[in-house]
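# What the coordinates show
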Amino acid sequence: MDWTISKTIRTCTALVVVMLLASCAFEGYKFNGASIDYSKTKTIQIADFPIRASYVWGPMAPMFNNQLKDQFASHTKLIQVKRNGDLKIEGEITQYSQRNKSVSSEGYSAQVELSMTVNVRFTNNANHSEDFERSFTATSSYESTQSLNSVQEELVTQMTKELCDQIFNATVANW
């Protein structure tokens, strides 16, 4: 009998804790990392980032643009608008390149590093002291025995996710 009551109390306590954690916000800080004052900031304008790099892989820009917009849609309550947003993010993909990362004992390339850089201009129309222009870079490596064509989509997907996390943290998480 005591065991059943004890188990019920522990289960109820755990349920209350989970519910509190899922619904809590402390002065605008959420568990997803965003720190937005929604009474002042309601909209965001995210422009498509064109590719300005000398080396281009066609699907890269749409992948990046969609991931960036999805990141803000799924982690904030901001409404995405075409113009006059309270927050504005724009920029371009400035670099996409590969280089030898390591050499084998035979003197050949063992790993290749792929990198992607985006230049971001952020404007906070509610607080212009937070405005910035900054470059963000992500890298990913693959074995030189593989062709770039066989791993490119997976690596660009990983780098795009990392870049969008960096941009999200710099713009609305204030990290």
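First things first, this report covers the structure right here in the doc. (Residues numbered from 1 in each chain as written. Predicted model: local features only at pLDDT ≥ 70, side-chain atom pairs only at ≥ 80, totals over all residues. Heavy atoms only, no water.)

## Thoughts on unusual backbone geometry
A positive phi angle, near 60 degrees, is found at Asn84, a position not held by glycine. Residue classification places Asn84 among the exposed positions, given a relative accessible area of 70%. (Buried < 20%, exposed > 50% of the residue type's maximum accessible area, 1.4 Å probe, protein only.)

## Things to note about the packing of aromatic side chains
Aromatic ring pairs are reported here in terms of the distance separating the ring centres and the angle at which the planes meet. Taken as a whole and judged by the stated rule, the model has five aromatic pairs. Between Tyr55 and Tyr96 the ring centres are 5.3 Å apart and the planes differ by 10 degrees, which places this aromatic pair in the stacked class. Of this pair, Tyr55 sits in the loop between β1 (43–46) and α2 (60–75) while Tyr96 sits in strand β3 (residues 87–103), placing them 41 residues apart in sequence. For Tyr55, a relative accessible area of 36% corresponds to the partly exposed category. For Tyr96, a relative accessible area of 2% corresponds to the buried category. Site record: aromatic cluster; members linked through ring pairs are Phe122, Phe132 and Phe136. Sitting over the ring of Tyr38, Lys77 keeps its end group 4.7 Å from the ring centre. (Phe/Tyr/Trp six-rings, centres within 6.5 Å; stacked < 30°, edge-to-face > 60°. Helix = DSSP H or I, 4+ residues; strand = E, 2+ residues; numbered from the N terminus. Lys NZ or Arg CZ within 6 Å of the ring centre and 35° of its normal.)

## A few points about the sheet that holds β3
Strand order in this open sheet of five strands is β2-β1-β3-β4-β5, and the pairing throughout is mixed. A strand with exactly one partner marks an edge of an open sheet, and here the two such strands are β2 (79–80) and β5 (132–143). The sheet contact formed by β1 and β3 spans three bridges and is parallel. What sits directly across from Gln45, in β3, is Lys88. On the sheet, α2 packs against β1, β2, β3 and β4 (109–124) and is oriented at approximately 125 degrees with respect to β3. (Pairing = 2+ DSSP bridges. Contact = heavy atoms within 4.5 Å. Axes fitted to C-alpha atoms, helices over the stretch in contact; angles between N-to-C directions.)

## Some points on the pattern of salt bridges
Summed over the entire model, instances satisfying the criterion amount to seven salt bridges. Between Asp48 and Lys69 there is a salt bridge whose closest N-O contact spans 2.7 Å. Of the two residues, Asp48 sits in the loop between β1 and α2 while Lys69 sits in helix α2, which places them 21 residues apart along the sequence. Lys69 gets classed as partly exposed once you look at its relative accessible area, which sits at 22%. Between Lys88 and Glu90 there is a salt bridge, and its shortest N-O distance comes to 3.9 Å. Of the residues examined, Lys88 reaches a relative accessible area of 26% and is grouped as partly exposed. (Salt bridge = Lys/Arg side-chain N within 4 Å of Asp/Glu carboxyl O.)

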